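# Summary of structural features
One-letter residues, chain by chain:
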Amino acid sequence: MLAGGVISSSIIITLIILIYFYFNDQLSTITTYSTIIGAVANLFLVLATWGYLGEVRKQVNIMAADGVSGKMRENNEYLLDMMTKLVAPLYFSKNDEMLFGKTSKLYRTHDYDPSSKEYFNFWTPIEINMHLASPSLFLALEKYLDVKNAYWDALYEHANMHNVFAETPEGSEMNQKFDDARSALSLEINIAYKDLKSKLRPPDPSSRF
């Protein structure tokens, strides 16, 4: 708006100068020509400057729009990675006792065994992609894995016999910690899955009308 006012003022001043010299019959003097030429040149300079500023403003707007769309693309890629590499696998397997239950550590030490191979095939990518998780999901997942490892270590001291271990004070406490950690993780998985599903849902076509 300021530049527009400058242009309007320059045009008015130029016209006033021309009208003044015309009515005072001074259009024939060298000084007059110089004054007129200077006024016209100033007008063209203002117009050129305004045009340049318009182009700069246009480029800035384009760059800003590109920056916003770029950030949106990066965010969408991050959300998609989180869903496909972490949250969805956890969500659809969280009730699998072989993957999430109180199983023996002995069956997790040899990846050539069919059941343990399935376990490693599931949990290795999950642990690799834990960095994609939200803070709350990350903490719940980390605590669950820590509690499960502690349970396995304690169970090993009781010949991997769940029933015998459960009868001991330590076993009762460890079982409760495990159940609590698994429940907390399941809750965070449900929350994350619902949130990502909502964010990644395609827009409703009817909302455009």
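As a reminder, the structure under discussion sits directly above these lines.
Residues numbered from 1 in each chain as written. Predicted model: local features only at pLDDT ≥ 70, side-chain atom pairs only at ≥ 80, totals over all residues. Heavy atoms only, no water.

## Observations regarding the pattern of salt bridges
Quick note on the threshold: Salt bridges are identified by distance alone: a Lys or Arg side-chain nitrogen within 4 Å of an Asp or Glu carboxyl oxygen. The numbering of helices and of strands both runs from the N terminus, where a helix is a DSSP run of H or I of at least 4 residues and a strand a run of E of at least 2. Relative accessibility thresholds used throughout: buried, under 20% of the residue-type maximum; exposed, over 50%; partly exposed, between the two (1.4 Å probe, protein chains only).
The full count for this structure, using the stated rule, is 5 salt bridges. Of the charged contacts in the structure, one is a salt bridge between Arg182 and Glu97, with a shortest N-O distance of 3.0 Å. Linking Arg182 in helix H7 (residues 169-199) with Glu97 in helix H3 (residues 97-100), this pair joins segments that are 85 residues apart in sequence. With a relative accessible area of 17%, Arg182 lands in the buried category. Among the residues examined, Glu97 registers a relative accessible area of 47% and is labelled partly exposed. Between Lys199 and Asp195 there is a salt bridge, and its shortest N-O distance comes to 3.2 Å. Linking Lys199 with Asp195, this pair stays in helix H7, spanning 4 residues, or about one helical turn.

## What to know about helix H5 (residues 135-156)
Selection rule: What a helix is expected to span follows from its residue count: subtract one and scale by 1.5 Å.
Taking 1.5 Å of rise per residue, the 22 residues of H5 would be expected to cover 32 Å, and the 32 Å separating its terminal C-alpha atoms lies within 8% of that figure. Taken together, the buried positions of H5 are Leu137, Ala140, Leu141, Tyr144, Leu145, Val147, Lys148, Tyr151, Trp152, Ala154 and Leu155.

## Notes on the nonpolar core
This is how it is decided: The nonpolar core is taken to be a set of buried Ala, Val, Leu, Ile, Met, Phe, Trp, Tyr and Cys residues, with the residues joined through side-chain atoms within 4.5 Å. Contact definition: two residues touch when any of their heavy atoms are within 4.5 Å.
Among the nonpolar cores identified, the biggest contains 35 residues, and Leu90, Trp123 and Leu141 are the most heavily contacted of them. Elements with a contribution of two residues or more to this core: helix H2 (30-93), H3, helix H4 (114-128), H5 and H7. For this core, the element with the most residues is H5, which contributes 10 residues. Non-local contacts of Leu90, meaning those with residues more than four positions away in its chain, are made with Phe100, Phe122, Trp123, Ile126, Leu141 and Ile189.

## Quick notes on the packing of H5 against H7
Quick reminder of the rule: Think of each axis as a best-fit line through the C-alpha atoms, taken over the contacting stretch in the case of a helix, with angles from 0 to 180 degrees between the N-to-C directions. Each angle gets one of four labels, with under 35 degrees taken as roughly parallel, over 145 as roughly antiparallel, 65 to 115 as roughly perpendicular, and the rest as oblique. By convention, the crossing between two helices is left-handed when the near helix turns anticlockwise from the far helix through less than a right angle, and right-handed when the turn is clockwise.
Closest axis-to-axis distance for the H5/H7 pair is 9 Å, and the angle between their directions is 155 degrees. Taken together, the axes of H5 and H7 are roughly antiparallel relative to one another. Like other packed secondary-structure pairs, H5 and H7 cross with a definite hand, here left-handed. When H5 is examined against H7, the residues Ser136, Leu137, Ala140, Leu141, Tyr144, Val147, Lys148, Ala150, Tyr151 and Ala154 are found in contact with a partner set consisting of Glu170, Met174, Asn175, Lys177, Phe178, Ala181, Arg182, Ala184, Leu185, Glu188, Ile189 and Ala192.

## Re the packing of aromatic side chains
Selection criterion: Ring geometry is summarised as follows: Phe, Tyr and Trp rings, the Trp one being its six-membered ring, pair when their centres sit within 6.5 Å, and such pairs are stacked at plane angles under 30 degrees, edge-to-face over 60 and tilted between the two. Think of it as a cone above the ring: NZ of Lys or CZ of Arg counts as a charge over the ring if it is within 6 Å of the ring centre and within 35 degrees of the ring normal.
Here the structure, examined in full by the defined rule, presents 14 aromatic pairs. Between Tyr91 and Tyr193 the ring centres are 3.8 Å apart and the planes differ by 5 degrees, which places this aromatic pair in the stacked class. One end of the pair, Tyr91, is in helix H2; the other, Tyr193, is in helix H7, with 102 residues separating them in the sequence. According to the relative accessible area criterion, Tyr91 is partly exposed, its value standing at 28%. On the numbers, 5.9 Å between centres and 35 degrees between planes, the contact of Phe100 with Tyr144 is tilted. Of this pair, Phe100 sits in helix H3 while Tyr144 sits in helix H5, and the two are 44 residues apart along the sequence. Here Phe100 matches Tyr144 in class, with each residue buried. Every member of this aromatic cluster is reached through a ring pair, and the members are Phe100, Tyr119, Phe120, Phe122, Trp123, Tyr144, Tyr151, Trp152, Phe165 and Phe178. Positioned above the aromatic ring of Tyr91 is the side chain of Lys94, whose terminal nitrogen or guanidinium carbon lies 5.3 Å from the ring centre.

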